[in-house]
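Here is what each chain is made of, one letter per residue.
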Protein chains: 2
Amino acid sequence: MALHEGRRFDPTLYLVTDPVLAGPRGVVETVRQALDGGVTLVQLRDPEAKTRALCETAAALLEVTRPRGIPLVINDRVDVMLAVGADGVHVGARDMAPGLVRRLTGPDAIVGLSITTLEELAAADLGPVDYIGASPVHATPTKTDTGPALGLDGLARLRAATDLPIVAIGGLHAGNVRAAVEAGADGIAVVSAIMAAADPAAAALVLRGATGL
Amino acid sequence: MALHEGRRFDPTLYLVTDPVLAGPRGVVETVRQALDGGVTLVQLRDPEAKTRALCETAAALLEVTRPRGIPLVINDRVDVMLAVGADGVHVGARDMAPGLVRRLTGPDAIVGLSITTLEELAAADLGPVDYIGASPVHATPTKTDTGPALGLDGLARLRAATDLPIVAIGGLHAGNVRAAVEAGADGIAVVSAIMAAADPAAAALVLRGATGL
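Since the structure is predicted, the reported quantities are computational estimates derived from the model, not experimental observations.

Definitions and limits used
- Residues numbered from 1 in each chain as written.
- Chains lettered and ligands numbered in written order.
- Predicted model: local features only at pLDDT ≥ 70, side-chain atom pairs only at ≥ 80, totals over all residues.
- Heavy atoms only, no water.
- Contact = heavy atoms within 4.5 Å.
- Salt bridge = Lys/Arg side-chain N within 4 Å of Asp/Glu carboxyl O.
- Polar contact = N/O pair within 3.5 Å; in protein donor to acceptor, adjacent residues only side chain to side chain.
- Helix = DSSP H or I, 4+ residues; strand = E, 2+ residues; numbered from the N terminus.
- Phe/Tyr/Trp six-rings, centres within 6.5 Å; stacked < 30°, edge-to-face > 60°.
- Buried < 20%, exposed > 50% of the residue type's maximum accessible area, 1.4 Å probe, protein only.
- Core = buried A, V, L, I, M, F, W, Y, C linked by side-chain atoms within 4.5 Å.
- Least-squares fit on C-alpha atoms with pLDDT ≥ 70 in both.
- Pairing = 2+ DSSP bridges.
- Right-handed = clockwise from strand over helix to strand, strands pointing away.
- Axes fitted to C-alpha atoms, helices over the stretch in contact; angles between N-to-C directions.
- Arc of directions from axis to C-beta.
- Parallel < 35°, antiparallel > 145°, perpendicular 65-115°, else oblique.
- Left-handed = near helix turned anticlockwise from the far one by under 90°.
- Nonpolar A, V, L, I, M, F, W, Y, C, P; charged D, E, K, R; others polar.

Engineer: Explain the interface of chain B and chain A residue by residue, including any values.
Structural biologist: In this assembly, 21 residues from chain B lie in contact with 21 residues from chain A. Measuring nitrogen to oxygen at the nearest pair gives 3.7 Å for the salt bridge that ties Lys-50 of chain B to Asp-95 of chain A. Applying the counting rule to chain B against chain A returns 12 residue pairs in polar contact (both at pLDDT 80 or more). Of all elements in the fold, only helix H3 (51-65), helix H4 (78-84) and helix H5 (98-105) of chain B reach the threshold of two or more residues within the side of chain B that touches chain A.

Quick look at the structure:
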């Protein structure tokens, strides 16, 4: 499938935000520094935020991502994406169905879907989807409402089952991202490895290098 | 301002849903019974629900509201409104700004705004707004994150300050709704007085009669 121009993206190093892990530095400043280190895609994720605050954070993030040509996708919230003109939405099994997301966002939006098992992948409506978030590859303390880890074997099985770009997430750090890429990931996503880093730019640079991509 | 056809509504008896208060009877069945008792407007409110579940509940509610010509508005979530084709959105100070809501929902949607003080009303962007939810008129255990109660005096001051329809909410029951209407409310909104009622149809009938509207 030929992607619309607006849906081209580089999945190599995907940063998912977390306001708690960002601490007093804040999400926007952390992302700004991480972009300097080579982050290629940003997802705003803050399920606890009220809508007004989420819109404000999204608008502030766009001011640092857009001049650098880096897409910003919003976790779960099509309304926030549309309100600020962000680049896409990332959804999971308990969020809006991908077909509805695509209908509301239009053809130019990037639509990502979290997949936790091979069965879920087989049952998913992938037509509207631009990439898969394979989650969690390893156990992670960042997100505790997940199923068992896929492992590298599970990641490889997803790889064999779809031609969509796969972004691996869950328990990834510089020491294990290469293995995830070798198992079939087109990119790796992190939360704490960058959001909680003392130096987000350096952390991003090291992670990107470690992928071998 | 002439309302678009799709934005005509009767604010007399406005039901705000609550899945906990509905109990095992469920939100949809409670609303169905309440509509039989004369509810004129329904708001789906469930800030804890995940988006997929909220869309499903909204779609199920539309199946009972639409055949009766009763509008369904969604608390906070423009995305859910657009996904299911509901009739409008109700927002508060921490939700999406009314101007953004109107831009995303289009001219036919009903847009409601919660107002808790006269100062908030004066500062609000009311151009995109179809009605005010004056909240809370009286102290209420249903919603604890509110400011001090407006009281009937505060309600009367809001009435004097705007020509928009005002729906009073907070601590209302058959014994005090008439006083709220006499203070200037065009309609009254309830949560527990109907959602938690043993007989939602009877509760709605009694409330509607008690308003004197």
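Engineer: I'd like to hear about the packing of aromatic side chains, residue by residue, with values.
Structural biologist: For the structure shown, the criterion picks out four aromatic pairs over all chains. Relative to Tyr-131 of chain A, the ring of Tyr-14 of chain A has its centre 5.7 Å away and its plane inclined at 65 degrees; by these criteria the two rings are edge-to-face. With Tyr-14 of chain A in strand S1 (residues 13-16) and Tyr-131 of chain A in strand S6 (residues 131-134), the pair connects residues that are 117 residues apart, well separated along the chain. Accessibility assignment for this pair places Tyr-14 of chain A and Tyr-131 of chain A in one class, buried. Measuring from ring centre to ring centre gives 5.6 Å for Phe-9 of chain B and Tyr-131 of chain B, while their planes differ by 65 degrees; the resulting arrangement is edge-to-face. With Phe-9 of chain B in the segment before strand S1 (13-16) and Tyr-131 of chain B in strand S6 (residues 131-134), this residue pair connects regions lying 122 residues apart in the sequence.

Engineer: Explain the nonpolar core residue by residue, including any values.
Structural biologist: Formed by 143 residues in total, the largest nonpolar core has its most connected members in Ile-194 of chain A together with Ile-194 of chain B. Sequence-distant contacts of Ile-194 of chain A, that is, excluding residues within four places in its chain, are made with Leu-13, Leu-15, Arg-25, Thr-30, Ala-34, Val-39, Pro-200, Ala-203, Ala-204 and Leu-207 of chain A.

Engineer: Please provide a residue-by-residue account of the relation of the copies chain B and chain A, values included.
Structural biologist: With an RMSD of 0.0 Å, the fit of chain B onto chain A corresponds to turning through 180 degrees and sliding 0.0 Å along the axis. Both copies of the chain, as the preceding transformation shows, are related through a two-fold rotation axis. No C-alpha of chain B lies nearer the rotation axis than that of Asp-79 of chain B, which sits 2.3 Å from it. Both copies contact each other with a shared surface, as 100% of the interface residues of chain B are interface residues in chain A too.

Engineer: Could you give an account of the pairing of S6 of chain A, naming the residues involved and the relevant values?
Structural biologist: Residues and elements named next belong to chain A. Side chains Tyr-131 and Gly-133 project from S6 onto one buried face, and the interleaved Ile-132 and Ala-134 project onto a second face that is buried too. Looking at chain direction, strand S5 (residues 110-115) and S6 are connected through four bridges and run parallel. By the bridge assignment for S6, Ser-114 is matched with Gly-133. In this region the chain leaves S5, passes through helix H6 (residues 118-123) and returns to the parallel neighbour S6; the handedness of that crossover is right-handed. Inspection of the sheet shows S6 paired to strand S7 (residues 166-169) by three bridges, in the parallel sense. Pairing of Ile-132 across the sheet is with Ile-166, part of S7.

Engineer: Mind laying out unusual backbone geometry, listing which residues take part and the relevant values?
Structural biologist: All names here are of chain A. Following Ser-135, the chain continues into Pro-136 via a peptide bond in cis, with omega recorded as -15 degrees. Residue position: Pro-136 is located in the loop between S6 and helix H7 (151-161). Despite not being glycine, Asp-76 has its phi angle at roughly 75 degrees, a positive value. With respect to the helices, strands and loops of the structure, Asp-76 is situated in the loop between strand S3 (72-75) and helix H4 (78-84). On the basis of relative accessibility, which here comes to 13%, the residue Asp-76 falls in the buried class.

Engineer: I'd like a rundown of the pairing of S3 of chain A, residues and numbers included.
Structural biologist: All names here are of chain A. A two-sided burial pattern is seen for S3, the buried positions comprising Leu-72 and Ile-74 on one face and Val-73 and Asn-75 on the other. In terms of strand pairing, strand S2 (residues 41-44) meets S3 through three bridges, oriented parallel. Its bridge partner being in S3, Leu-44 is matched across the sheet by Ile-74. Since S2 and S3 lie parallel, the crossover through helix H3 (residues 51-65) that links them has a hand, and here it is right-handed. The pairing of S3 with strand S4 (residues 88-91) spans three bridges and is parallel. Of the residues in S4, the one forming a bridge with Ile-74 is Val-89. The handedness of the S3 to S4 crossover, carried by H4, is right-handed.

Engineer: Any details on the sheet that holds S5 of chain A? Residues and values, ideally.
Structural biologist: An order of S1-S2-S3-S4-S5-S6-S7-S8 (chain A) is seen for the eight strands of this closed barrel, with the pairing classed as parallel. Here the average twist between neighbouring strands, direction ignored, is 25 degrees.

Engineer: Summarise helix H5 (residues 98-105) of chain A; cite the residues concerned and give the values.
Structural biologist: Every buried residue of H5 of chain A is listed here: Pro-98, Val-101, Arg-102, Leu-104 and Thr-105 of chain A. Down the axis of H5 of chain A, the smallest arc covering the buried residues is 165 degrees, so these residues share one side. As for H5 of chain A, its buried residues are in contact with H4, S4 and S5 of chain A together with H3 and H4 of chain B. Of the residues flanking the end of H5 of chain A, it is Gly-106 of chain A, one or two places downstream, whose phi is positive at about 85 degrees.

Engineer: Before we move on, can you summarise the sheet that holds strand S3 (residues 72-75) of chain B with the specific residues and values?
Structural biologist: Sheet strands pair via backbone hydrogen bonds, and the direction of the pair is either parallel or antiparallel. Residues and elements named next belong to chain B. Pairing is parallel in the closed barrel, where eight strands are placed in the order S1-S2-S3-S4-S5-S6-S7-S8. Taking each pair of neighbouring strands and ignoring which way they run, the sheet shows an average axis angle of 25 degrees. The strands that H5 touches are strand S4 (88-91) and strand S5 (110-115); relative to S5, the one it contacts most, it runs at about 165 degrees.

Engineer: With reference to specific residues and values, describe the packing of helix H2 (residues 27-36) of chain A against H3 of chain A.
Structural biologist: Residue and element names in this part refer to chain A. In contact at an axis separation of 10 Å, H2 and H3 are set at 20 degrees when each is read in the N-to-C sense. It follows from the interaxial angle that H2 and H3 lie roughly parallel. Note on packing geometry: the crossing formed by H2 with H3 is right-handed. On H3, the residues that touch Val-27, Val-28, Val-31, Arg-32 and Leu-35 of H2 are Thr-57, Ala-60, Leu-61, Val-64 and Thr-65. Of the residues in the contact of H2 with H3, the class split is seven nonpolar, two polar and one charged.

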